[in-house]
Amino acid sequence: MLALLAQLLVLIVFIWALRRFASKRDIDNIPGPERESFFKGNMAQMFNSSSVGWDFNSMISERCIGSFNVLHPVPMFNDIAKKLEKAIKNKLIHGTQEVNKSDPGFGLMTTPQIDVLHWMNRAALEMIGQSGLGYSFDPLVEGAMPHPFSEAAKIFIPTTSKMSLEIQFLLPTLIKIGSPKFRRWLVDHFPSKRLRAIRDIIDTWDRTTTEIFEAKKKALKEGDEALAHQIGQAKDLMSILNVVSRKPLKHQYNMMGNRTFAFAATDTTSNALSRTLHLLALHPETQERLRSEVIEARKFHNGNVPYDDLVSLPFMDAVCRETLRL
């Protein structure tokens, strides 16, 4: 009996090794370091808390994703910032004034109110869309219809939080039952509005990311001229990964990466920007000092501060670091 189990184990290991080395995935074409261990790969190096880990991760950044120059998105970010500035100025100048109800006589009119988090969400999604995916989600003008992806992202956390127990205890078992078509049929017919709301969110994300993926795949097949006409001239992260891998990454890699990247990066970026503006509003003396530093830098560079000089502004750096610390 033991001999039979040993033979079975050897057979399983042999089949795994054969599939591991005989089959190639698209993602394997992306250059990476030689693995340190047959079984653990580079995990020990990646998560080493000593200088070995730092050196390894620095090498990965330079060697494997060095094609994505950190300066590539800067012109995109400048354009988005100018659109955001114009939209907020127009809102303040031409927006509808409201009656100040705190005034006993209701005689005073307040200036138009700006929902900062709303605009930071829109701007962050557009930054991530252009620099990460090569896709424009939002023209950043007052009255524009929100992109379905943005609306789905906005309600994702509130919706899933209402089903936290089901997601934590039932989902790991349910995803193993039957085929994907069967599980989709169950979701469509299960009497739960919250479950169908999550389904609609995922469907919206899937449609959007599929559209982006198909456009990238088509442009890559058509060559450099087609890539040059895309948003950001194909200098976004997804285009570079597709080019480095020498053919479009498979649908599942792009879909999972696109959804995670766009959702997670948008939420964190918009929250950090909103928190920074909120703190500056609470501390006008800090706001004035920062404004003076930026105005001086703009004068020195005739309006457009280069990236290296912008990140070298000492008080700007201090404000960003303190906000993230808080």
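What you see is a predicted model, and the numbers here were worked out from it, not measured in a lab.

Asker: Honestly, the pattern of salt bridges in this entry has me stumped. Any pointers?
Answerer: It is possible for side chains of opposite charge to pair when their charged atoms get near one another. Here the structure, examined in full by the defined rule, presents 11 salt bridges. For R325, the salt bridge is made with E322, and the minimal N-O distance between the two is 2.6 Å. With a gap of 3 residues between them, R325 and E322 both fall in helix α15 (residues 314–325), about one helical turn apart. Note on R325: relative accessible area 57%, which makes it exposed. Judged by its relative accessible area of 35%, E322 is partly exposed. When salt bridges with common partners are traced through the structure, they connect R184, D188, R199, D200 and D203 into a single cluster.

Asker: How should helix α5 (residues 116–133) be read in this particular structure?
Answerer: An α-helical turn contains 3.6 residues, so any two residues separated by three or four positions project in the same direction. For α5, which comprises 18 residues, the first-to-last C-alpha distance of 25 Å matches the rise-based estimate of 26 Å (1.5 Å per residue) to within 8%. Counting buried positions over the 18 residues of α5 gives 14, a clear majority of the element. Positive backbone phi, at 65°, marks G134, one or two positions downstream of α5.

Asker: What is the right way to read the packing of aromatic side chains from this model?
Answerer: Any pair of aromatic rings gets described here by the distance separating the centres and the angle formed by the planes. All told, the structure shown has 4 aromatic pairs when counted by the stated rule. Centroid distance Y135 to F137: 4.8 Å. Interplanar angle 70°. Geometry classified as edge-to-face. Comparing Y135 with F137 shows no difference in burial state: the two are buried. Taken together, the ring pairs in this structure connect Y135, F137, F149, F156 and W205 into an aromatic cluster.

Asker: Could you clarify how one ought to interpret the environment of A124 in this entry?
Answerer: Tracing the sequence through the fold places A124 in helix α5. Overall, A124 belongs to the buried group, its relative accessible area being 0%. Sequence-distant contacts of A124, defined by excluding residues within four places in its chain, comprise T266, T269 and S270.

Thresholds, definitions, all that
Once a new chain begins, its residue numbering starts again from 1 and follows that chain's sequence as written. Local features in this predicted model are restricted to residues whose pLDDT is 70 or higher, and side-chain atom pairs enter the listing and the counts only when it is 80 or higher, whereas totals over whole chains, interfaces and linings include all residues. Calculation of side-chain values draws on the structure's entire complement of heavy atoms; hydrogens and water are dropped beforehand. Take a side-chain nitrogen of Lys or Arg and a carboxyl oxygen of Asp or Glu: if they are within 4 Å of each other, that pair is a salt bridge. For the purposes of this entry, the term helix denotes a DSSP run of H or I that reaches at least four residues, the term strand denotes a run of E that reaches at least two, and both are numbered from the N terminus. Burial here depends on accessible area, computed with a 1.4 Å probe over protein chains only, as a share of the maximum for the residue type. Under 20% is buried, over 50% is exposed, and the range in between is partly exposed. In this analysis, the expected span of each helix is defined as 1.5 Å times one less than the number of residues it contains. Classification of ring pairs rests on two measures: the distance between centres of Phe, Tyr or Trp rings, Trp counted by its six-membered ring, which must be within 6.5 Å, and the angle between planes, read as stacked under 30 degrees, edge-to-face over 60 and tilted in between. Here, residues are in contact when the closest pair of their heavy atoms is within 4.5 Å.

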